[in-house]
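Fold and contact review
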Amino acid sequence: MKTVFITRKLPIIAEQTLAKRFKVVANKENKPISHKQLLNAVSKYDAILSTVSDKFTADVIAKKKNLQVISNYAVGLNNIDVPFAQKNGIAVYNTPDVVTESTADMTFALLLSLIRKIEDARHFVKKNQMVRMGSGDIFGRGALWQNVRHYRLWEGWTSGCKKSRRVWFARYILR
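The paragraphs below set out a description of the structure included in this document.

What counts, and at which threshold
- Residues numbered from 1 in each chain as written.
- Predicted model: local features only at pLDDT ≥ 70, side-chain atom pairs only at ≥ 80, totals over all residues.
- Heavy atoms only, no water.
- Pairing = 2+ DSSP bridges.
- Helix = DSSP H or I, 4+ residues; strand = E, 2+ residues; numbered from the N terminus.
- Axes fitted to C-alpha atoms, helices over the stretch in contact; angles between N-to-C directions.
- Contact = heavy atoms within 4.5 Å.
- 1 Å grid on protein atoms, 1.4 Å probe; cavity = no way out; pocket = protein on both sides within 12 Å on 5 of 7 lines; lining within 4 Å.
- Points joined across faces, edges and corners; volume = space filled by probe spheres on them.
- Nonpolar A, V, L, I, M, F, W, Y, C, P; charged D, E, K, R; others polar.
- Salt bridge = Lys/Arg side-chain N within 4 Å of Asp/Glu carboxyl O.
- Buried < 20%, exposed > 50% of the residue type's maximum accessible area, 1.4 Å probe, protein only.
- Polar contact = N/O pair within 3.5 Å; in protein donor to acceptor, adjacent residues only side chain to side chain.

**Description of the sheet that holds strand S1 (residues 3–6)**
The 5 strands lie next to each other as S2-S1-S3-S4-S5, forming an open sheet whose pairing is parallel. The outermost strands of the open sheet, each flanked by one partner alone, are strand S2 (23–26) and strand S5 (91–93). Across the sheet, the axes of successive neighbouring strands diverge by a mean angle of 15°, strand direction being ignored. Strand direction decides the pairing type here: strand S3 (residues 47–50) and strand S4 (residues 69–72), joined by 4 bridges, are parallel. Each residue of the ladder has a partner; that of Ser50, found in S4, is Asn72. Relative to S2, helix H1 (residues 12–19) is tilted by about 155°, and along the sheet it contacts S1, S2 and S3.

As structure tokens, then:
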């Protein structure tokens, strides 16, 4: 049976999935393995499931005996000398596009945060400098609610459950 070494603590599903077809040896610590441990793994195992912190340079890859696969639990391959690995018959894999959507979401959130000065507002509230508004400004017909209504933020919220009181309330306010 082929052996797979997992270089760092990963979600348990990774080990369970691999264990169905391979003998799995996993580093249970949530910290990178040392260079010496990586050299040992390259010379000992058939496959390695690594993270971006494991550096597979030409000198590390050259120590291989049975190593056939390096799979990077990351999007990029900056930590692996891919041409050298391929020349030595090692297949190299990664997880492309696994965080593309969430990265785009975070980029958009950061842009909005900068444009709308969210961090300044957070400090303002944290220092108790915020004056309470009347409920009319939030749930009534005030300027804030008119902007919410304009952007129709509630539209997706109201489409799912037509008979609830919340939907009736939202439709009443947004009409």
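There's more to say after this.
**Some details on the layout of surface pockets**
Taken as a whole, the largest pocket holds about 170 Å³ of empty space. Forming the walls of the largest pocket are Lys2, Val4, Leu18, Phe22, Asp46, Ala47, Ile48, Leu49, Gln68, Val69 and Ser71. Listed by contribution, the elements that provide at least two residues to the lining of the largest pocket are S3 and S4. When its residues are assigned to classes, the lining of the largest pocket shows 7 nonpolar, 2 polar and 2 charged.

**A few points about the pattern of salt bridges**
Summed over the entire model, instances satisfying the criterion amount to 2 salt bridges. With a closest N to O distance of 2.9 Å, Lys28 and Glu15 form a salt bridge. With Lys28 in the loop between S2 and helix H2 (35–44) and Glu15 in helix H1, this pair connects stretches of sequence that are 13 residues apart. Residue Glu29 is joined to Lys31 by a salt bridge in which the shortest nitrogen-to-oxygen separation is 3.4 Å. Its relative accessible area of 43% is what places Glu29 among the partly exposed residues. Look at Lys31 and you get partly exposed, because its relative accessible area is 47%.

**So, H2**
Among the residues of H2, those classed as buried are Leu38, Ala41, Val42 and Ser43. Structurally, H2 contributes buried residues whose contacts are with S1, S3 and helix H3 (58–61).

**Quick word on the environment of Thr3**
By the secondary structure assignment, Thr3 is in strand S1. In this structure, the C-alpha to C-alpha distance between Thr3 and Arg21, residues 18 residues apart in sequence, is 9.4 Å.

**Observations concerning the environment of Pro32**
Within the fold, Pro32 resides in the loop between S2 and H2. For Pro32, a relative accessible area of 40% gives the class partly exposed. The spatial distance from the C-alpha of Pro32 to the C-alpha of Val52 is 9.3 Å, given a sequence separation of 20 residues.

**Some points on the side chain of Ser50**
Note on placement: Ser50 falls in strand S3. Separated by 3.0 Å, the side chains of Ser50 and Asn72 make a polar contact.

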